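So the chains spell out like this:
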Amino acid sequence: MSEPKPKVVLGVSGGIAAYKACELLRRLTESGHDVRVVPTASALHFVGAATWSALSGNPVSDQVWEDVHEVPHVRIGQAADLVVVAPCTADMLAKAAHGLADDLLTNTLLTARCPVVFAPAMHTEMWEHPATRENVATLRRRGAVVIEPAVGRLTGVDTGKGRLPDPAEIFEVCRRVLARGAAEPDLAGRHVVVSAGGTREPLDPVRYLGNRSSGKQGYALARTAAARGARVTLVEANTGMPDPAGVDVVRVGTALQLREAVLKAAADADVVVMAAAVADFRPAAYAEGKIKKREGEEPAPVALVRNPDVLAELSADRARPGQVVVGFAAETDDVLANGRDKLRRKGCDLLVVNEVGERRTFGSEENEAVVLGSDGTETPVPHGPKEDLADTVWDLVVPRLP
Ligand SMILES: Cc1cc2nc3c(=O)[nH]c(=O)nc-3n(C[C@H](O)[C@H](O)[C@H](O)COP(=O)(O)O)c2cc1C
């Protein structure tokens, strides 16, 4: 017999981004979830019940007075494995924070005992209003995952923070939250900084020294931290990947820019994870014009200078007492011995050591590593998705937090 499909309630409230929830619904159903859409009356002004019903294959109602014999105001929430509200209006955040129950979605939120994810979307002023800030804080304190809105074009001509993140990225958060089952969002209330990608050190306006880091491991760390309730700052260098939902992204190019962005974000961080491949050296000189190939002349050698060691600096000079610092080391030989040596030299709390090779590390979807602790612990992580390694890192970070 096949496994029963996980039951997801997709709550849709009355924001202009309601149409984007159709794509989230599609992704959820196509990946084997049984989705019950519960829109609010306002949401039905934007997208009609016929669309939700046809895409989900389930009945759709916004109120408690239909199919009363099935007691839907209680049953839908009780049966759910996950409730995700996307988009979530300022009004819905307020209702959820105060426990109102005047329609089917608000009743469902009160009867659900499963993880709940809110993906707010609204104008910047509404998002920044102290009432909304307090409602978000209340919901997070109670264990809900509230995804930070993205920055960009809002309804009409306005731009700012308040945009619904990409549905594909909200889907990733849902997938991770479901995978964790009933586990608490154990990074709620924490600020986590993750660096990802590879720095590029310019030689002239068209050339640079770079490395093969794709940034996928850092993105997996950012996504999993957001799904565990953290406020996440992702400092990314040259990955070209879409922003993960609920994550503040700072884009940098060079090692010096990365250092500045990471140190700034680390000032109030509980955890800093340096997953980026930061160039050890940069060209000593930058040529303002393209270096020309000249007939009969050998190219001049490229002199290099050292870049600052950001991991060692973060570890030696913690911005906050108890801040946990995690490093990464990609090694080609003597992996564990080199890893232990690097952990000692850098002074970080955890070092994720992996062997560079085929199907592993750079560009791959999968990884295999040993996480070394400054307390002498060694945690092997078997070959698997980069998200599994990311979750193991968070599992090891959480007990180290003050
Ligand atoms: C065109 C239009 C767009 C709106 N967009 C949003 C929005 O993005 N976020 C929001 O919080 N409210 C938005 N509102 C206001 C909500 O629809 C209003 O607060 C409503 O009462 C929310 O009801 P609900 O939370 O039950 O869905 C919008 C209203 C209109 C008319």
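Residues numbered from 1 in each chain as written. Predicted model: local features only at pLDDT ≥ 70, side-chain atom pairs only at ≥ 80, totals over all residues. Heavy atoms only, no water.

What follows concerns helix α1 (residues 20-30). Restricting attention to buried positions, one finds in α1 the residues Lys20, Ala21, Cys22, Leu24, Leu25 and Leu28. Elements in contact with the buried residues of α1: β1 (7-12), β2 (34-39), α3 (49-56), β3 (82-88), β7 (159-163) and α9 (167-179). Once α1 ends, the next one or two residues include glycine 32, with phi positive near 90°. (Buried < 20%, exposed > 50% of the residue type's maximum accessible area, 1.4 Å probe, protein only. Helix = DSSP H or I, 4+ residues; strand = E, 2+ residues; numbered from the N terminus. Contact = heavy atoms within 4.5 Å.)

A separate point is the UniProt feature "binding site: CTP" (unreviewed entry) in the protein. Per the UniProt record, "binding site: CTP" (unreviewed entry) is annotated on Asp280, Lys290, Pro308, Asp309, Val310, Leu311, Phe328, Lys342 and Lys346. Look at the named residues: they lie 67 residues apart in sequence, and the longest C-alpha span between them is 37.3 Å, so in the fold they stay spread out. Lining residues of the largest pocket drawn from the annotated list: Asp280, Pro308, Asp309, Val310, Leu311, Phe328, Lys342 and Lys346. Secondary-structure assignment places proline 308 in the loop between β15 (304-306) and α12 (310-316). Under the relative-accessibility criterion, proline 308 is labelled partly exposed at 28%. (UniProt positions renumbered as here; feature names shortened; annotations may be inferred. 1 Å grid on protein atoms, 1.4 Å probe; cavity = no way out; pocket = protein on both sides within 12 Å on 5 of 7 lines; lining within 4 Å.)

Taken together, the side chains of Lys290, Lys292, Lys293 and Arg294 make up a positively charged region of the molecular surface. If you trace the backbone, lysine 292 turns up in the loop between β14 (281-283) and β15. (Patch = residues over 30% accessible without salt bridge, like charges linked within 9 Å, V, L, I, M, F, W, Y side chains within 5 Å. Areas by Shrake-Rupley, 256 points an atom, 1.4 Å probe, with all protein chains shown as cover. Salt bridge = Lys/Arg side-chain N within 4 Å of Asp/Glu carboxyl O. Lys, Arg positive; Asp, Glu negative; His and termini not counted. Charge placed at Lys NZ, Arg CZ, Asp CG, Glu CD.)

According to the domain assignment, the protein consists of domain 1 (7-180) and domain 2 (191-400). If you average the C-alpha positions of domain 1 and of domain 2, the two centres end up 34 Å apart. Residue-level contacts link 13 residues of domain 1 with 16 residues of domain 2. Considering only the surface of domain 1 that becomes buried against domain 2, Glu169, Arg176 and Arg180 emerge as the three largest contributors, covering 50% of it. (Domains from an automatic or database assignment. Buried area = accessible area lost by both parts, 1.4 Å probe.)

Under the criterion given, the structure shown has 30 salt bridges. Between aspartate 270 and arginine 190 there is a salt bridge, with its nearest N and O atoms 3.5 Å apart. With aspartate 270 in the loop between α11 (255-266) and β13 (271-274) and arginine 190 in the loop between α9 and β8 (191-197), this residue pair connects regions lying 80 residues apart in the sequence. With relative accessibility at 22%, the residue arginine 190 sits in the partly exposed group.

With that settled, consider the layout of surface pockets. Picture a little ball the size of a water molecule; that probe, rolled over the atoms, points out where space is still empty. There is about 980 Å³ of room inside the largest pocket. Surrounding the largest pocket, 39 residues form its lining, Ala276, Ala277, Val278, Asp280 and Lys342 being those nearest its centre. Those elements giving two or more residues to the lining of the largest pocket turn out to be α10 (216-227), α12, β16 (324-331) and α13 (335-346). A total of four residues in the lining of the largest pocket trace back to one element, the largest contributor, which is β16. Classifying every residue of the lining of the largest pocket gives 16 nonpolar, twelve polar and eleven charged. Approximately 510 Å³ is the volume attributed to the second largest pocket. Taken together, 26 residues form the lining of the second largest pocket, with Cys114, Val116, Arg142, Gly143 and Ala144 sitting closest to its centre. Looking at the lining of the second largest pocket, the elements with two or more residues in it are α5 (90-98), α6 (104-111) and β4 (116-120). (Points joined across faces, edges and corners; volume = space filled by probe spheres on them. Nonpolar A, V, L, I, M, F, W, Y, C, P; charged D, E, K, R; others polar.)

Further remarks concern the site of the ligand. Taken together, 15 residues are adjacent to the ligand, and Gly14, Thr40, Thr89, Ala90 and Asp91 come closest. The backbone of glycine 14 places a nitrogen or oxygen atom 2.6 Å from an oxygen atom of the ligand. The separation between a nitrogen atom of the ligand and a polar main-chain atom of isoleucine 16 is 3.5 Å. Taken by itself the ligand offers 640 Å² of open surface, and the protein chains cover 65% of this. Sort the elements by how many residues they give to the shell around the ligand and α5 lands first, with four residues. (Near = heavy atom within 4 Å. Polar contact = N/O pair within 3.5 Å; in protein donor to acceptor, adjacent residues only side chain to side chain.)

Pairing is parallel across the open sheet formed by five strands, whose spatial order is β2-β1-β3-β4-β5. Looking at the sheet topology across the chains shown, the edges are occupied by β2 and β5 (145-146). (Pairing = 2+ DSSP bridges.)

In this section: unusual backbone geometry. Cis geometry marks the peptide bond from alanine 86 to proline 87; its omega dihedral reads -5°. One can find proline 87 in strand β3. Positive phi is not limited to glycine here, since asparagine 238 has a value of about 60°. You can see asparagine 238 is positioned in the loop between β11 (231-237) and β12 (247-252). Under the relative-accessibility criterion, asparagine 238 is labelled partly exposed at 26%. One non-glycine residue, aspartate 334, adopts positive backbone phi at about 45°. With respect to the element layout, aspartate 334 can be found in the loop between β16 and α13.

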